[in-house]
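# Structural characterization, general
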Amino acid sequence: MRRLFVHIGSHKAGSTALQDSLLANRGSDTGFRFLHHPRLRTHSVLAAMYKPFDTLDHTIRLQMPDPEAVALVRRNFWQRIPEHFPDADNAVLSSEYLSAIDADAVRRFRSDVEAMGYGRFRILLYVREATARYASGIQQAVKFRDDLPRMDPRLLYFNFREQIETWESVFPGDVEVRAFERGQLLEGCVVADAYSRISEFFGIATHPDKRVDSNRSMSSETLFCLYNLYRHLDTAQFSPDQVRIQTGLYKQIETLVQASMPAPSRITLRPAVARMVYERHRADYDWLAQHYGVRFQEPTIPAETAEEAPLRLSDPPGLPELVLPPDARVLIQLLGKIAADGLFRAR
């Protein structure tokens, strides 16, 4: 019977590193095939197939801006998989967007893969501690555009319990949940950990010859430089070419920060924000421990100071209200260097 291993995320839990590593090792892997689209990133394609077009992430819509093209991908993706991977009796798929699709979409997914002959399944989901995921989410919200409103801690909720229960309802007994926490991952690495789960499921010994370290955390200084640049622009209207420019800009700023500072600072949530995020997810942690044996180390949250209590946020909140900012003089110097460098490059 054909077997399918499906990594469904969740977001901000090493998915890009795993997908890039699976892609980098294609052809050298033994005993399984990573099913991927020949041109587009498969995690985006799978999102487009099982989520309504108007709910797709901004970056996915930039890759596939034409709804008719998306509809074509939906019709052709599964039909082309056997053509590209005729020997994929043991297959792996990965898309962090799958974790958030509804039960009807999960049932359609199961029907699609069963039509290809797959009958045994393992669904793998990594869960990240909420305050760490929130800090990483802020980084992602600022990295390519000013998208902070979706990170409002008064409203944001990582509904991993509902996601797990949804997949369990369609794949009962086939869902495995693991903690995305360095001390609980094999070799402290999500790529090594996921490959170990792939090996166990297929009954083979496999390991990645190459490990791609993708989406590394940025410094607090880079985060605030980007925020101060983007908040004056209508980044929602950025074209794919502008997004590519932004990728280079992020790397350029991070290189400048690393060269200019002996010890760039880490992104640190304001204590009141961290406490709000943690308390909102506490009951879900208890459920996760009871049903899957997954437990997290409780985050260290400093006591509130007089100026931070009670929490009052703007609507929408600004970055300095959510994250402890770096030294203002350092930030001004960095922004000045960025402006000067841009002027000389433009001449």
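Residues numbered from 1 in each chain as written. Predicted model: local features only at pLDDT ≥ 70, side-chain atom pairs only at ≥ 80, totals over all residues. Heavy atoms only, no water.

### With respect to the overall build of the protein
In terms of regular secondary structure, the protein is built from 13 helices and 5 strands. Computed over the C-alpha atoms, the radius of gyration of the protein is 21 Å, within 12% of the 20 Å expected from 2.2 N^0.38 for a compact globule of 347 residues. Principal-axis analysis of the C-alpha atoms places the extent of the protein at approximately 65 × 55 × 40 Å. Per-residue burial for the protein yields a buried fraction of 50% across its 347 residues. Here the contacts in the protein between residues at least 6 apart in sequence split such that 81% fall between residues at least 24 apart. (Helix = DSSP H or I, 4+ residues; strand = E, 2+ residues; numbered from the N terminus. Rg over C-alpha atoms; globule rule 2.2 N^0.38 Å. Buried < 20%, exposed > 50% of the residue type's maximum accessible area, 1.4 Å probe, protein only. Contact = heavy atoms within 4.5 Å.)

### A few points about the packing of helix α6 (residues 130-143) against helix α9 (residues 220-230)
Running from N to C, α6 and α9 point in directions that differ by 40 degrees, and their axes come no closer than 9 Å. Between α6 and α9, the crossing angle belongs to the class labelled oblique. The handedness of the crossing between α6 and α9 comes out as left-handed. Here α6 contributes Ile138, Gln139, Val142 and Lys143 to the contact with α9, which in turn contributes Leu223, Leu226, Tyr227 and Tyr230. Of the residues contributing to the contact of α6 with α9, the split by class is 6 nonpolar, 1 polar and 1 charged. (Axes fitted to C-alpha atoms, helices over the stretch in contact; angles between N-to-C directions. Parallel < 35°, antiparallel > 145°, perpendicular 65-115°, else oblique. Left-handed = near helix turned anticlockwise from the far one by under 90°. Nonpolar A, V, L, I, M, F, W, Y, C, P; charged D, E, K, R; others polar.)

### A closer look at the sheet that holds strand β2 (residues 33-34)
As summarised here, the arrangement of the 5 strands in space is β2-β3-β1-β4-β5, forming an open sheet in which the pairing is parallel. Looking at strand neighbours, the two that pair on one side only are β2 and β5 (175-179), the edges of this open sheet. Looking at chain direction, strand β1 (residues 2-7) and strand β4 (residues 118-127) are connected through 6 bridges and run parallel. Its bridge partner lying in β4, valine 6 is registered against isoleucine 123. (Pairing = 2+ DSSP bridges.)

### Looking at helix α7 (residues 160-170)
Among the residues of α7, those classed as buried are Phe160, Gln163, Ile164, Thr166, Trp167 and Val170. Down the axis, α7 shows its buried residues gathered within 160 degrees of arc, on one side only. Next to the buried residues of α7 lie α5 (103-115), β4, β5 and α11 (271-292). (Arc of directions from axis to C-beta.)

### Points about the nonpolar core
One finds Leu4, Trp78, Phe109, Tyr134, Ile138 and Trp167 to be the most contacted residues of the largest nonpolar core, which totals 83 residues. Per-element accounting of this core gives the leading share, 7 residues, to α11. Ignoring anything within four residues of it in the chain, the contact list for isoleucine 138 reads Leu148, Met151, Leu223, Leu269, Leu319, Leu322 and Val323. One finds Leu18, Val92, Leu185 and Tyr195 within the second-largest nonpolar core, a separate group that totals 20 residues. (Core = buried A, V, L, I, M, F, W, Y, C linked by side-chain atoms within 4.5 Å.)

### As for the pattern of salt bridges
Taken as a whole and judged by the stated rule, the model has 16 salt bridges. Across the pair arginine 154 and aspartate 152 runs a salt bridge, and its minimum N-O distance is 2.8 Å. Given the relative accessible area of 4%, aspartate 152 is considered buried. The partner of arginine 161 in a salt bridge is glutamate 165, with the nearest N and O atoms 3.3 Å apart. Taken as a pair, arginine 161 and glutamate 165 lie in helix α7 at a separation of 4 residues, close to a single helical turn. On the accessibility criterion, glutamate 165 (36% relative accessible area) is partly exposed. (Salt bridge = Lys/Arg side-chain N within 4 Å of Asp/Glu carboxyl O.)

### What about the environment of glutamate 187?
Inspection of the secondary structure assignment puts glutamate 187 in the loop between β5 and α8 (190-202). On the basis of relative accessibility, which here comes to 58%, the residue glutamate 187 falls in the exposed class. One polar contact links glutamate 187 to arginine 211, side chain to side chain, over a distance of 2.6 Å. (Polar contact = N/O pair within 3.5 Å; in protein donor to acceptor, adjacent residues only side chain to side chain.)

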